[in-house]
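Report on the structure
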Amino acid sequence: NADLVGGHVCFEFSDNPSAAEVVDSFTNLQMQHGIETGGFTRTANLFVKRTVFDRIGLFDPEVQSGEDIRGTKKATDSGLKLIFAKDAGVTHPARGWGPMIIKQFRVGIGKNAVLRAQGLNGSAALKKTLLSLWIPKWHKVKPRINHLPEAELRRRKMSILFALWALRFVTAFGQLCRFLSFSK
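The rules we used
- Residues numbered from 1 in each chain as written.
- Predicted model: local features only at pLDDT ≥ 70, side-chain atom pairs only at ≥ 80, totals over all residues.
- Heavy atoms only, no water.
- Salt bridge = Lys/Arg side-chain N within 4 Å of Asp/Glu carboxyl O.
- Helix = DSSP H or I, 4+ residues; strand = E, 2+ residues; numbered from the N terminus.
- Buried < 20%, exposed > 50% of the residue type's maximum accessible area, 1.4 Å probe, protein only.
- Phe/Tyr/Trp six-rings, centres within 6.5 Å; stacked < 30°, edge-to-face > 60°.

**What to know about the pattern of salt bridges**
Across all of its chains, the model carries 7 salt bridges by this definition. A salt bridge links Asp 77 to Lys 73; the nearest nitrogen and oxygen atoms lie 3.1 Å apart. In this pair, Asp 77 and Lys 73 both sit in helix H4 (residues 67–77), 4 residues apart, roughly one turn of the helix. Overall, the relative accessible area of 55% leaves Asp 77 in the exposed class. Residues joined by salt bridges that share partners form a network here, namely Lys 142, Glu 150 and Arg 154.

Dropping the structure here:
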């Protein structure tokens, strides 16, 4: 009964997960959240009927990151049905610092296209980016981390908040780099 189906992504961690791995696990590939709150998902665990691409077109190969969000949102906005299938699970390694920096820079590069697809103009997109650079609030972050015991969360609170904040800056830098390259 669906045109698109997103499944659960379970993260695999190293023996001693870095703060970057923890941040990756609650910021990226949150399939159910994106589907249920925004009508979009990512391609990490996505099933799509061919008729969806016939109707909305293929992903833009020029967009380095975020085209999956833009494309699935375009599908749901056009009336196609996207559902979450918890039992359709895949595993994904949580990224350490190096891979997370590369990923978040790439996400930043693609973010302008995603924000435009959401109907935001340049100034609104800039405002949204600047607001994302505030230091994260622990009471909003903590409930999203469901794989660490309470004592471990208390011990690692500052390193997790720093990692999240630093990676937001990397994303914003990627977004700024893309914006400046289009401004020439």
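**Quick word on the packing of aromatic side chains**
Tallying each qualifying case throughout the model produces 4 aromatic pairs. Connected via pairs of aromatic rings, a cluster forms that spans Phe 162, Trp 165 and Phe 169.

**Let's talk about H4**
Across the 11 residues of H4, 8 count as buried, placing the element largely inside the fold. Residues Glu 67, Asp 68, Ile 69, Arg 70, Gly 71, Thr 72, Ala 75 and Thr 76 constitute the buried set of H4. Note on H4: the residue one or two positions beyond its end, Gly 79, has a positive phi of about 100 degrees.

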